[in-house]
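For reference, the chains in residue letters:
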Amino acid sequence: TQLGQMSEMTSYFNLHSNSITSSIPTQLGQMSKMTSYFNLHSNSITSSIPTQLGQMSAMTSHFRLYSNSISSSIPTQLGQMSAMTLNFDLRSNSISSSIPTQLGQMSEMVHYFSLHSNSISSSIPT
């Protein structure tokens, strides 16, 4: 996708509150300098979360994919966003399976880690 070529973008990628029904392009993972406000929430996205989004390892806040119909599991690669401190939000989707232990690498998280209102099963990783 052409938007994936915005590899120098550092913040405020906002496509939220639309009627997007397509999958999340894997090429968006090339926005590896993105630090905050990656917003695709409140759409109608039904696909899984691309593993390539884990390449956004500079993210510190506001990674928001909530209120879609995202299915499948949470990619372990999202744990590479280890600099996250604020607002990692995947709530209100159709995410199934378990919570990847790799999300524990977000050890700087201080506020708002949300996975509620999904179909997550199994135990909470320790």
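This structure is a prediction, so every number in the text was calculated from the model and none was measured.

### Concerning the packing of aromatic side chains
Part 1: Applying the stated criterion across every chain, the model contains five aromatic pairs.
Part 2: Summarising the aromatic geometry, the rings of tyrosine 12 and tyrosine 37 are spaced 4.3 Å apart at their centres and angled 5° between planes, so their arrangement reads as stacked. Residue tyrosine 12 is located in strand E1 (residues 11–14), and its partner tyrosine 37 is located in strand E2 (residues 36–39); the two are separated by 25 residues in the primary sequence.
Part 3: Overall, the relative accessible area of 48% leaves tyrosine 12 in the partly exposed class.
Part 4: With 5.6 Å between their ring centres and 10° between their planes, phenylalanine 38 and phenylalanine 63 make a pair best called stacked. In this pair, phenylalanine 38 sits in strand E2 while phenylalanine 63 sits in strand E3 (residues 61–64), placing the two residues 25 residues apart along the sequence. In this pair, the class of phenylalanine 38 matches that of phenylalanine 63, namely buried.
Part 5: Cluster of aromatic residues (ring-pair linked, three or more members): Phe13, Phe38, Phe63, Phe88 and Phe113.
Part 6: Across from the ring centre of tyrosine 66, 3.9 Å away, lies the NZ or CZ of arginine 91, which sits over that ring.

Rules of the game
- Each chain carries its own residue numbering, running from 1 in the direction its sequence is written.
- Since the coordinates come from a predicted model, pLDDT governs what is reported: local features require at least 70, and pairs of side-chain atoms require 80 or more to be given and counted, while whole-chain, interface and lining totals use all residues.
- Computation of side-chain values: all heavy atoms of the structure, hydrogens and water removed.
- Stacked, edge-to-face and tilted are the three classes for Phe, Tyr and Trp ring pairs, Trp counted by its six-membered ring, which pair at centre distances within 6.5 Å; planes under 30 degrees apart are stacked, over 60 edge-to-face, the rest tilted.
- Helix and strand definitions here come from DSSP, where helices need a minimum of 4 consecutive H or I residues and strands a minimum of 2 consecutive E residues; each element is numbered from the N-terminal end.
- Only protein chains enter the accessibility calculation, which uses a 1.4 Å probe; a residue whose area is less than 20% of its type maximum is buried, one above 50% is exposed, and one in between is partly exposed.
- As a reminder, the over-ring test applies to NZ of lysine and CZ of arginine, requiring each to be within 6 Å of the ring centre and within 35 degrees of the ring normal.

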